[in-house]
Amino acid sequence: MNYLGVEIDIKNTPILDRQFIPMSLFCKEYLKSAKKPVSICVERNGGMCSVYDTFITGENEAADRFYIERTVKFLLWMKGGYKVTICGDDGIAAYIKEQYGASGKRAFDNTFMARVYEHPFETEALALTDKPIENECPMQVGGNQKGCRIGFDAGGSDRKVSAVIDGEAVYSEEVVWHPKVTADPDYHYNGIVSAFKTAAEKMPRVDAIGVSSAGIYINNRTMVASLFLKVSPEDFDGKVKDIYIRAAKEIDDVPLCVVNDGDVTALAGAMELDDGSVLGIAMGTSEAVGYVDENGCVTGWLNELAFAPVDANKNAMEDEWSGDIGCGVKYFSQDGVIKLALNAGIALDAAATPGEKLKAVQGMLSDGDSRAADVFRSIGCYLGHTLPYYWSFYRFRHVLLLGRVMSGEGGNIIIETAKAVLAEEYPDCGFNLHIPDEQNRRIGQSVAAASL
């Protein structure tokens, strides 16, 4: 097929989404004729800067703009940052400034990043010779086994805590709670403190506290987090930003480390595999992603790939929150299952929650419904095409797959389909797919958090 003047040969397309255009294949074919060097620099907190060197054609304006804009989008949600600098082409830089301006198509990204980094979002154009110097600073967290440690995992439906002594969990508990629908931040605070104190009582002392929590955290402060969705902006600033810092002080003046749950998932996988360079992908309410580098370090990147592009199709499904199309949240989550189920002609109860709709499709699969099988085959095809795109940025060795969408027979179909697509279309990608064991899925997150 021809897309924006780029010929793309797609051997495998999702059974229920024949219009899918993998970003991986578009970029692969586009770059074959791209010879003009440009660099994309993304700056974030603490003077950190990521530099991505690439090429454009300099002739096919539509394809050049599309390629760079999508790459900027990916880098912003992979690395995070409040400033984007395009080096080597002023025309492309002007286009990115327009798109990511306060009133541009990517105004959501502008506002979101400004909120996270507490700094106005900026774009800049520079000559290639003046590009910023890369400055990455991976955090040496995880793998700390000695002493008496508390590990806390704040989930959307339950919270888990472990008391860990010299790397062994001596106590773990799971407690149901409802943070996403509760407006009172004291509810969240009291639940966190209660968990901390319960674990502390099981040990002779507390040497450190590690927290795995959904959201974006900088210097242990909560910048954005769905757990506090109903909390007012005033209470968020006054009681939530420092909620874990305040809760830890209720125990003792000990080291505290708060890390995004996706990164802790990847860390738990690295501990289980006894290796680094792990990308963790959880397919559930959304697509949650984390990464541990080859040295076993958490990078401090956002890794919010739910907002990163995977589909180049101009008619791809829109994400209601960001207003963008073709992003991972609509492909690797229960939303993706629902979308494909409707494409398959499966009638779902309109009054049911997304989670209930997912269970309904999984139940149909257990009953031998071939339409339900096609749903998971289609997700597997999406995944087989998308992992090479992720790999082109991360260069990971392992992919850890988990979440409700990956449970049961549907998960097996997803993995087998993805492997088939990878073998046929991306034989040069060298990484392995894994599913964590049941024990690691249940309490591995809190135990890994204890090692932060």
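Shown above is the structure to which this text applies.
Along each chain, residue indices are assigned from 1 in the same order as the chain's sequence is written. With pLDDT at 70 or above as the cut-off, local features in this predicted model cover only qualifying residues; side-chain atom pairs require 80 or more to be listed or tallied, and sums for whole chains, interfaces and linings still use all residues. By convention in this description, side-chain values take in all heavy atoms of the structure and omit both hydrogens and water.

A. Broad picture of the pattern of salt bridges. Note on definitions: salt bridges are taken to be side-chain nitrogens of Lys or Arg within 4 Å of carboxyl oxygens of Asp or Glu. Following the criterion strictly, the structure yields 25 salt bridges and no others. For the salt bridge of Lys79 with Glu136, the shortest nitrogen-to-oxygen distance reads 3.3 Å. Residue Lys79 is found in helix α2 (residues 61–79), and its partner Glu136 is found in the loop between β6 (122–126) and β7 (148–154); the two are separated by 57 residues along the sequence. Assessed through its relative accessible area of 9%, Lys79 is described here as buried. The buried label goes to any residue with under 20% of its type's maximum accessible area, the exposed label to any with over 50%, and the partly exposed label to all in between, with areas taken from a 1.4 Å probe on protein chains only. For Glu136, a relative accessible area of 25% gives the class partly exposed. Because the salt bridges share partners, they merge into one network encompassing Glu69, Arg70, Lys73, Arg106, Asp109 and Asp324. Labels follow the DSSP assignment, with helices taken as runs of H or I lasting at least four residues and strands as runs of E lasting at least two, numbered in each case from the N terminus.

B. Region of interest: the pairing of strand β4 (residues 49–56). Where strand β3 (residues 36–43) meets β4, eight bridges bridge the pair, whose relative direction is antiparallel. In the sheet register, Val42 faces β4, and the bridge partner there is Ser50. Linking β3 back to β4 in an antiparallel pair, the connection comprises five residues, with Gly46 at a positive phi of about 70°. Think of it this way: DSSP has to see at least two bridges between two strands before they count as a pair.

C. The packing of aromatic side chains, seen in detail. A pair of aromatic rings is counted whenever rings of Phe, Tyr or Trp (Trp by its six-membered ring) have centres within 6.5 Å, and the orientation is called stacked for planes under 30 degrees apart, edge-to-face for over 60 and tilted otherwise. By the definition in use, this model includes 34 aromatic pairs. Centre to centre, the rings of Phe26 and Tyr30 are 5.9 Å apart; their planes meet at 15°, and the pair counts as stacked. With a gap of four residues between them, Phe26 and Tyr30 both fall in helix α1 (residues 23–31), about one helical turn apart. Assigned by exposure class, Phe26 and Tyr30 land together as buried. The rings of Tyr3, Phe26, Tyr30, Phe66 and Tyr67 are connected pair by pair, giving a single aromatic cluster. Here, a charge over a ring is recorded when the distance from Lys NZ or Arg CZ to the ring centre is within 6 Å and its angle to the ring normal is within 35 degrees. Stacked on the ring of Trp301, the Lys or Arg Lys79 has its end atom at 4.4 Å from the ring centre. Over the aromatic face of Trp391 sits the side chain of Arg395, whose NZ or CZ is 4.0 Å from the ring centroid.

D. Layout of empty space enclosed by the protein. Cavities and pockets were defined on a 1 Å grid built over protein atoms only: a cavity is a set of grid points that admits a 1.4 Å probe from which the probe cannot escape, a pocket is an open set flanked by protein on both sides within 12 Å along at least five of seven lines, and lining residues are those with an atom within 4 Å of any such point. Grid points are joined across faces, edges and corners, and a volume is the space filled by probe spheres set on the points. Per the counting criterion, the structure on display carries one cavity of 30 Å³ or more. Taken together, Asn144, Gln145, Arg149, Val164, Gly167, Met271, Val447, Ala450 and Ser451 make up the full set of residues lining the largest cavity. Gly counts as polar in this scheme, as do all residues outside two lists: the nonpolar Ala, Val, Leu, Ile, Met, Phe, Trp, Tyr, Cys and Pro, and the charged Asp, Glu, Lys and Arg. Class assignment of the residues belonging to the lining of the largest cavity gives a composition of four nonpolar, four polar and one charged.

E. Spatial organisation of the pairing of strand β5 (residues 83–87). Most of β5 sits inside the fold, with five of its five residues counted as buried. Of the two faces of β5, the one carrying Lys83, Thr85 and Cys87 and the one carrying Val84 and Ile86 are both buried. Two strands pair when backbone bridges link them, and β3 and β5 are joined in this way by five bridges, in the antiparallel orientation. Following the sheet pairing, Ser39 is matched in β5 by Cys87. Two elements, β5 and β6, share five bridges in a ladder whose sense is parallel.

F. Broad picture of the packing of helix α10 (residues 354–366) against helix α11 (residues 370–394). Between the N-to-C directions of two axes lies an angle of 0 to 180 degrees, each axis being a line fitted to C-alpha atoms and, for a helix, fitted only over the stretch in contact. Running from N to C, α10 and α11 cross one another at 120°; their axes reach a closest spacing of 7 Å. Handedness of the α10/α11 crossing: left-handed. Of α11, the residues touching α10 (which contributes Val361, Gln362, Met364 and Leu365) are Arg371, Ala372, Ala373, Val375 and Phe376. When grouped by side-chain class, the residues that make up the contact of α10 with α11 number seven nonpolar, one polar and one charged. We call a crossing left-handed when the near helix sits turned anticlockwise from the far one by less than a right angle, and right-handed when that turn is clockwise. The criterion used for residue contact is that any of the two residues' heavy atoms lie within 4.5 Å.

G. Quick peek at the sheet that holds strand β15 (residues 287–292). In spatial order, the strands read β15-β14-β16-β17; together these four strands make up an open sheet with mixed pairing. Lying at the two open borders of the sheet, with one neighbouring strand each, are β15 and β17 (432–434). Along the sheet, successive strands turn relative to each other by an average axial angle of 20°, direction set aside. Where strand β16 (residues 398–402) meets β17, three bridges bridge the pair, whose relative direction is parallel. Across the sheet, the residue bridging to Leu400 is His434, located in β17.

H. Molecular detail of the sheet that holds β3. Strand order across the open sheet formed by four strands is β4-β3-β5-β6, with mixed pairing between neighbours. This sheet does not close on itself; its edge strands, each paired only once, are β4 and β6. Going from strand to strand, the sheet's axes swing by 20° on average, the running direction of each strand aside. Its contacts with the sheet put α2 on β3, β4 and β5, and the angle it makes with β4 is roughly 160°.

I. Region of interest: the layout of surface pockets. Reported here for the second largest pocket is a volume of approximately 460 Å³. Along the walls of the second largest pocket sit 18 residues, with Ser24, Lys28, Pro388, Trp391 and Ser392 positioned nearest its centre. Of all the elements in the fold, those that place two or more residues in the lining of the second largest pocket are α1, α2 and α11. Residue contributions to the lining of the second largest pocket peak at five residues, all from α11.

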